[in-house]
Amino acid sequence: MVASEAAPFAKTGGLADVLLALPRALVRLGHSVDVILPRYRGVPQGDRAGVVTVSDEGAARETRIDSVTSHGVRTLFVDHPAYFDRDQLYGPDGTDYPDNAARFAFLCRAALAWAHQGTPSYDLIHAHDWQAGLIPVLHRGPVVFTIHNLAYQGLFGAEWLSRIGLGRELLGMDALEFWGRISLLKGGIVFSRLVTTVSPRYAEEIQTEEFGCGFDGILRSRGADLVGILNGIDYDEWNPATDPYVGAPYDAAHLDGKRVAKRQLLDVLGLPSGERDLDRPLVGMVSRLVDQKGFDLMARSTDDLLRIDAGYVLLGSGDRRHEEEWRSLAAAHPGRIAVRIGFNEALAHQIEAGADLFLMPSRFEPCGLNQMYSLRYGTVPVVRAVGGLFDTVQDVDLPTGTGTGFTFHPYTPAALVETLRQAIRTYHDRDAWRRIQAAGMGLDLSWETSARKYVEVYERATI
Ligand code: ADP
Ligand code: GLC
């Protein structure tokens, strides 16, 4: 597998979680998997695995490949400090480094140089997102390409084509060209044997103009080769019964621990944690602070959200604008809203465990992992019914007592606020709430089922 992120080495979002858990799940099914990524700053050196020669801006660069093996998965690192030994993975403050085309072309060329050495001999390469989009362009063997997010398209000026060593013939509309520029994502979509994305619903959505980001035509033309496979979650990392970050372990049959986790979370955040505070519903969010995740919608809804009797905790980072909005909300409502800007694995787990509800009003959501973590932690999700959120959260129907969360569709403050209100009314009905929690906690969200579907895709791609 070739990707730009894999936990625990490099992570900005769900891609990294998938690149940790899917290879392990495949190994458990009896397959061998190597993952190759850049050796970013702070990634351990590991053991020397070999040296490859990579062509870059006309020069041949001897490049060390190091490796670390864990849970049967070998992760290989492309060691090229000029490109990867930097503060950020992609660029400062949500911007891009100007040479990202060259950086990730280098990753692809190094990965292919490694694969073409012949030992081990790989049956197939699975490339993820635009950063690995050149893999199927440059490789003649079978490639499966996964779109984790169509909004990130790897767009660069056409002059980059020659700078990354590609011929002009690739500037065609049937190749990398996208409105006068080049798109490395398009390379992945057009040249791979099969294309997957991370939920069945998103696979349908991206073939429509509304969600297609300009790629819907290309994706429709590859419709027969496009498969939606829902992500799973890593049951070792995300388990309320064994979570090392959470004070009191709990499960569906012993939910008392969840109240302890709530107190722990309130204390960690400096919010009041008396018995009455523990009874008040607490809404959690862990997210990149970008419009995709519904932060513009929330900004338009804050007055109404504040009229609901609930506390809010937010952990995230991203657009300055949203960071500032939430910082000033927390300053204006201390004791009720807590905001932490930054990336914090421990706090992410503590929010999943300690909050009562988890809010994800995404504009679009290829899969989304946090709503699945929430389901497992008995933290009832309130989500917009799009993409993977649609596929994983079943709307509560009180009369029949079914459902695992609360969903809405129109991207409007009214729909968001009314749905959250409804969720919080239900929260105060203890029996109904326990039933909803138990239904979510009982779901099978493990990677095993999804990994088997990937194996089917790999087999289809190699015949
Ligand atoms: P996306 O990949 O679009 O950001 P996902 O829901 O698929 O969304 O995955 C997000 C992942 O990143 C989850 O594992 C989530 O816990 C984690 N995450 C996001 N922001 C933070 C943060 N500020 N601190 C810790 N973890 C975060
Ligand atoms: C992307 C998507 C997210 C998905 C993740 C892992 O970051 O935004 O919805 O869960 O990739 O596939």
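Residues numbered from 1 in each chain as written. Chains lettered and ligands numbered in written order. Predicted model: local features only at pLDDT ≥ 70, side-chain atom pairs only at ≥ 80, totals over all residues. Heavy atoms only, no water.

Caption draft 1: Examining the overall build of the protein more closely. Scanning the protein from N- to C-terminus turns up 19 helices and 17 strands. In terms of overall dimensions, the protein is globule-like: its C-alpha atoms have a radius of gyration of 23 Å, near the 23 Å expected for 463 residues. Its C-alpha atoms give the protein principal-axis dimensions of about 65 × 45 × 40 Å. Put simply, the protein has 463 residues, and 58% of those count as buried. (Helix = DSSP H or I, 4+ residues; strand = E, 2+ residues; numbered from the N terminus. Rg over C-alpha atoms; globule rule 2.2 N^0.38 Å. Buried < 20%, exposed > 50% of the residue type's maximum accessible area, 1.4 Å probe, protein only.)

Caption draft 2: Just the site of ligand 1, in detail. Taken together, 18 residues lie near ligand 1, and Gly14, Asp17, Arg288, Lys293 and Gly342 sit nearest. Residue Asp17 places a side-chain N or O atom 2.8 Å away from an oxygen atom belonging to ligand 1. For ligand 1, whose accessible area on its own is 560 Å², the fraction buried by protein is 93%. Those elements that place two or more of their residues in the shell around ligand 1 are helix H1 (14–28), strand E12 (282–289), strand E13 (311–318) and helix H15 (370–376). The element that contributes the greatest number of residues to the shell around ligand 1 is E12, accounting for three residues. Of the residues in the shell around ligand 1, the class split is six nonpolar, eight polar and four charged. (Near = heavy atom within 4 Å. Polar contact = N/O pair within 3.5 Å; in protein donor to acceptor, adjacent residues only side chain to side chain. Areas by Shrake-Rupley, 256 points an atom, 1.4 Å probe, with all protein chains shown as cover. Nonpolar A, V, L, I, M, F, W, Y, C, P; charged D, E, K, R; others polar.)

Caption draft 3: Focus on the domain arrangement of the protein. Each domain of the protein was delimited in the assignment, giving domain 1 (14–232 + 448–461) and domain 2 (256–445). Placing a centre on the C-alpha atoms of domain 1 and another on those of domain 2 gives a separation of 32 Å. Counting residues at the interface gives 18 residues for domain 1, matched by 19 residues for domain 2. For the domain 1 and domain 2 pair, buried surface summed over both sides reaches about 1400 Å², with 57% attributable to carbon and sulfur atoms. Per-residue buried area on domain 1 facing domain 2 is highest for Arg201, Phe211 and Leu230; these three make up 28% of the total on that side. Linking domain 1 to domain 2 there are zero salt bridges. Put simply, domain 1 and domain 2 have six residue pairs in polar contact (both at pLDDT 80 or more) between them. Contributions of two or more residues to the side of domain 1 that touches domain 2 are made by H1 and helix H7 (200–205). No other element matches the four residues that H7 contributes to the side of domain 1 that touches domain 2. (Domains from an automatic or database assignment. Contact = heavy atoms within 4.5 Å. Buried area = accessible area lost by both parts, 1.4 Å probe. Salt bridge = Lys/Arg side-chain N within 4 Å of Asp/Glu carboxyl O.)

Caption draft 4: Fine view of the sheet that holds strand E2 (residues 47–56). Read from one edge of the open sheet, four strands run E1-E4-E3-E2, paired in mixed fashion. Looking at the sheet topology across the chains shown, the edges are occupied by strand E1 (34–38) and E2. Strand after strand, the sheet turns through a mean of 30 degrees between neighbouring axes, direction not considered. As paired elements, E2 and strand E3 (residues 59–70) share nine bridges and run antiparallel to each other. Looking at the pairing, Arg48 lines up with Asp66 of E3. Its contacts with the sheet place H1 against E1, E3 and strand E4 (73–79), and it is angled at close to 140 degrees to E4. Contacts from helix H3 (residues 100–116) reach E1, E2, E3 and E4, with the element oriented near 120 degrees to E2. (Pairing = 2+ DSSP bridges. Axes fitted to C-alpha atoms, helices over the stretch in contact; angles between N-to-C directions.)

Caption draft 5: Main features of the packing of helix H9 (residues 256–268) against helix H14 (residues 345–354). Between H9 and H14, whose axes approach to 8 Å, the crossing angle comes to 130 degrees. On the basis of their axis angle, the class for H9 and H14 is oblique. Judged by the twist between their axes, the crossing of H9 over H14 is left-handed. Listed contacts from H14 to Lys258, Ala261, Lys262, Gln264, Leu265 and Val268 of H9 are Leu347, Gln350, Ile351, Glu352, Ala353 and Gly354. Looking at the contact of H9 with H14 residue by residue, the class counts come to six nonpolar, three polar and three charged. (Parallel < 35°, antiparallel > 145°, perpendicular 65-115°, else oblique. Left-handed = near helix turned anticlockwise from the far one by under 90°.)

Caption draft 6: Here's a closer look at the site of ligand 2. Around ligand 2, the surrounding shell holds 14 residues, and the nearest of these are His148, Asn231, Glu365, Cys367 and Gly368. A distance of 3.2 Å is found between an oxygen atom of ligand 2 and a side-chain nitrogen or oxygen belonging to Gln292. Between ligand 2 and Cys367, the relevant distance is 3.0 Å, taken from an oxygen atom to a main-chain nitrogen or oxygen of the residue. Protein coverage of the free-state accessible area of ligand 2, which is 310 Å², stands at 93%. Per-element tally for the shell around ligand 2: the top contributor is H1, with three residues. The residues that make up the shell around ligand 2 include at least three from each of domain 1 (14–232 + 448–461) and domain 2 (256–445).

Caption draft 7: Spatial organisation of the sheet that holds strand E5 (residues 125–128). Sheet architecture is open: four strands sit in the order E5-E6-E10-E11, paired in parallel fashion. Every interior strand has two partners, whereas the edge strands, E5 and strand E11 (226–228), have only one. Direction aside, the axes of adjacent strands within the sheet are offset by 25 degrees on average. Bridging between strand E10 (residues 194–197) and E11 involves three bridges; their strand directions are parallel. In the sheet register, Thr196 faces E11, and the bridge partner there is Val227.

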